[in-house]
Amino acid sequence: MTAVGTVPLPEAKEVRDMLSGLVGKPVSVLPGAPVTPTPDKPVSVAIYVDPQKAVTALCVMDLAASAYTGSALALLPPGGAQDAVEEDGELSGMQVEALYEVVNVLSALFNKEGARHSKLDALVAPGDDIPGDVAGMLAAFNRIDLAIEVPTYGKGALSLVIP
């Protein structure tokens, strides 16, 4: 029996293709700045684990990327998504549910041949407390930081991190 390798970091094109296919719009994906939570800039954190419940990957999205990808998937109006970002500072329950589906599908980015199988274990919604052990993993150097734009919705930022 061979040892299962580490989880690979996806390329920007893979992220673009996955998001575009998911929301049915040509999502723009370019290199961006790291997404890091601060008290005035809430983020969502998707936590992916292997079968032994060890964290294999994290997907960190700023509030805008969280709102726009989730809303586009659920076909929610762009205005409501923009209000969540610009006025409310948080996602509605329906937007969180849709975001959960987005990050669940994104788990496929980490499941390459020879890698440990990863599945979505939890989604920390923007504004919710990030578990301490996970917060410590957000600064890992094995990462890809991207600026995304969902047509008719807006621009956001996304980081994929392999702790």
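Residues numbered from 1 in each chain as written. Predicted model: local features only at pLDDT ≥ 70, side-chain atom pairs only at ≥ 80, totals over all residues. Heavy atoms only, no water.

## Here we look at the side chain of Asp50
One can find Asp50 in the loop between β2 (43–49) and β3 (55–62). Judged by its relative accessible area of 5%, Asp50 falls in the buried class. At a separation of 2.9 Å, a polar atom in the side chain of Asp50 contacts the main-chain amide nitrogen of Gln52. (Helix = DSSP H or I, 4+ residues; strand = E, 2+ residues; numbered from the N terminus. Buried < 20%, exposed > 50% of the residue type's maximum accessible area, 1.4 Å probe, protein only. Polar contact = N/O pair within 3.5 Å; in protein donor to acceptor, adjacent residues only side chain to side chain.)

## A closer look at helix α2 (residues 63–73)
Structural remark: α-helix, 3.6 residues per turn; residues separated by three or four positions point the same way. Most of α2 sits inside the fold, with 10 of its 11 residues counted as buried. Among all positions of α2, only Leu63, Ala64, Ala65, Ser66, Ala67, Tyr68, Thr69, Gly70, Ser71 and Ala72 are buried. Leu75 occupies a position one or two residues after α2 and carries a positive phi of about 60°.

## Digging into the pattern of salt bridges
Side-chain pairs of opposite charge can arise whenever the charged atoms involved come near each other. According to the stated counting rule, one finds six salt bridges in the structure shown. One salt bridge connects Asp17 with Lys13, and the closest N-O pair in it is separated by 2.5 Å. Of this pair, Asp17 and Lys13 both sit in helix α1 (residues 12–23), separated by four residues, roughly a single helical turn. For Asp17, a relative accessible area of 37% gives the class partly exposed. We note a salt bridge from Arg16 to Asp17, for which the minimum N-O separation is 3.1 Å. Given a relative accessible area of 33%, Arg16 falls into the partly exposed group. Because the salt bridges share partners, they merge into one network encompassing Lys13, Arg16 and Asp17. (Salt bridge = Lys/Arg side-chain N within 4 Å of Asp/Glu carboxyl O.)

## Structural notes on the sheet that holds strand β5 (residues 143–150)
The strand order across the open sheet built from six strands is β1-β5-β6-β3-β2-β4, with neighbouring strands paired in antiparallel fashion. At either end of the open sheet lies a strand with only one pairing partner, and these are β1 (28–31) and β4 (119–124). Strand-to-strand twist in this sheet, taken as the mean axis angle between neighbours without regard to direction, amounts to 25°. Here seven bridges tie β2 to β3, and the two strands are oriented antiparallel to one another. Counterpart to Val43 in the pairing with β3 is Asp62. Sitting on the sheet, α2 touches β2, β3, β5 and β6 (154–161), and the angle it makes with β3 is about 95°. Across the face of the sheet, helix α4 (residues 93–106) comes into contact with β2, β3 and β4 while running at roughly 150° to β4. (Pairing = 2+ DSSP bridges. Axes fitted to C-alpha atoms, helices over the stretch in contact; angles between N-to-C directions. Contact = heavy atoms within 4.5 Å.)

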